[in-house]
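Each chain, written out:
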Amino acid sequence: MSITLSGNNPKSDEGVLFFCTTWEYHAIVEYLEKYVSAIPKLGLNLHFLPNGFVFSEQHCEYVLASLYSDAEADMNSRSLPASVAEYISKTSDFLDSLPLLDCQSCLATGLQRKTIISPETTGEPCRECDGSTKSRPYIYNYKLKFDTFSTFLKFLASCGGFTVK
Ligand SMILES: [Zn+2]
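Rules and cut-offs
- Residues numbered from 1 in each chain as written.
- Predicted model: local features only at pLDDT ≥ 70, side-chain atom pairs only at ≥ 80, totals over all residues.
- Helix = DSSP H or I, 4+ residues; strand = E, 2+ residues; numbered from the N terminus.
- Buried ≥ 20, exposed ≤ 12 C-beta atoms within 10 Å, placed from the backbone.
- Domains from an automatic or database assignment.
- Core = buried A, V, L, I, M, F, W, Y, C linked by C-beta atoms within 7 Å.
- Contact = placed C-beta atoms within 7 Å.
- Pairing = 2+ DSSP bridges.
- Axes fitted to C-alpha atoms, helices over the stretch in contact; angles between N-to-C directions.
- Parallel < 35°, antiparallel > 145°, perpendicular 65-115°, else oblique.
- Left-handed = near helix turned anticlockwise from the far one by under 90°.
- Nonpolar A, V, L, I, M, F, W, Y, C, P; charged D, E, K, R; others polar.

K.L.:
Can you walk me through the overall build of the chain in this structure?
P.N.:
A tally of helices and strands in the chain yields five helices and eight strands. Starting at the N terminus and walking to the C terminus, you meet the elements of the chain as β-β-α-α-β-α-α-β-β-β-β-α-β. Based on the C-alpha atoms only, the size of the chain along its principal axes is roughly 55 × 35 × 30 Å. Burial analysis of the chain (165 residues in total) assigns 18% to the buried set.

Here it is, written out as structure tokens:
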């Protein structure tokens, strides 16, 4: 699953499209809701913006200004603020520390099932765990990458507003 944001009036190539997994997007929104003071004032549920929703250029500028101000970072640098990088590092360390669990995809058999809900297997190794019977906990999907968040901020700065695709 993924989310695509399309720039309404891109000022550079960085503002044409933003694409990430739905899990990464929710992790970015979670950071924004918790640490960017402008977000509650928008009165939007950013987790579930419907397809076709238009986020204006003014909203983008408002969010960016608040993010950099709250992070006490220079907006003109267009780099990832240190406090955002610390958040990503801290949450990544937490997710990396979680123990592997019995694979939920193959129900710890190590074998790929014919369909998601089929009791029969194909005899091939499970794609989720490569046949090991162990996999990362579901929450691991929300792991944020520095590049994804940085690309998102550059997109916000140069998209001229965006539409959810
Ligand atoms: Zn498996």
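K.L.:
Explain the domain arrangement of the chain to me, please; I cannot follow it from the model alone.
P.N.:
For an interface, size is often stated in terms of accessible area lost upon the parts coming together. Examined at the domain level, the chain breaks down into domain 1 (2–97 + 141–164) and domain 2 (99–135). Look at where the C-alpha atoms of domain 1 and domain 2 centre, and you get two points 34 Å apart.

K.L.:
Could you clarify how one ought to interpret the nonpolar core in this entry?
P.N.:
Across soluble globular proteins, you tend to see nonpolar side chains buried next to one another. The biggest cluster of nonpolar side chains holds 17 residues, and the ones touching the most others in it are Ile28, Leu144, Phe149, Phe155, Leu156 and Cys159. Where this core is concerned, the elements lending two or more residues are β2 (17–21), α1 (22–35), α4 (82–97) and α5 (146–158). The leading source of residues in this core is α5, at four residues. Leave out the neighbours within four places in its chain, and Leu156 touches Cys60, Val63 and Leu64.

K.L.:
I keep staring at the pairing of strand β1 (residues 2–7) and nothing clicks. Help me out?
P.N.:
Looking down a regular strand, the side chains alternate between one sheet face and the other. In this structure, β1 lies alongside β2, joined through five bridges in antiparallel fashion. Residue pairing for β2: Thr4 is matched across the bridge by Phe19. Note: β1 against strand β8 (residues 162–164), three bridges, orientation antiparallel. Looking across to β8, one finds that Leu5 is bridged to Val164.

K.L.:
I'm lost on the packing of helix α3 (residues 57–70) against α5 in this one. Help?
P.N.:
If you want to describe how two helices pack, look at the angle between their axes and the distance between the axes. Viewed as axis vectors pointing N to C, α3 and α5 meet at an angle of 135°, and their least axial separation amounts to 8 Å. Overall, the two elements α3 and α5 adopt an arrangement that is oblique. Considering only the axes of α3 and α5, their crossing is left-handed. Contacts between α3 and α5 involve Cys60, Val63 and Leu64 from the former and Leu153, Leu156 and Ala157 from the latter. Grouping the amino acids of the contact of α3 with α5 by side-chain chemistry returns six nonpolar, no polar and no charged.

K.L.:
When you look at the sheet that holds β8 in this model, what are you seeing that I'm missing?
P.N.:
Strands belonging to one sheet form pairs held by backbone hydrogen bonds; the direction of such a pair is parallel or antiparallel. Here we have four strands laid out as an open sheet, ordered β2-β1-β8-β3, and antiparallel in their pairing. Across the chains shown, the open sheet's two edge strands, defined by having one partner strand only, are β2 and β3 (54–55). Bridge count between β3 and β8: two bridges; the pairing is antiparallel. By the bridge assignment, Val54 is partnered in β8 with Thr163.

K.L.:
Can you walk me through unusual backbone geometry in this structure?
P.N.:
The phi angle of most residues is negative, glycine excepted, and most peptide bonds adopt the trans form. Positive phi values are uncommon outside glycine, yet Glu72 reaches one of about 50°. Considering the arrangement of structural elements, one finds Glu72 in the loop between α3 and α4. Judged by the 9 C-beta atoms lying within 10 Å of it, Glu72 is exposed. Look at Leu107: it is not a glycine, yet its phi comes out positive at around 55°. Within the secondary structure, Leu107 is located in the loop between β4 (101–102) and β5 (111–113). Judged by the 14 C-beta atoms lying within 10 Å of it, Leu107 is partly exposed.

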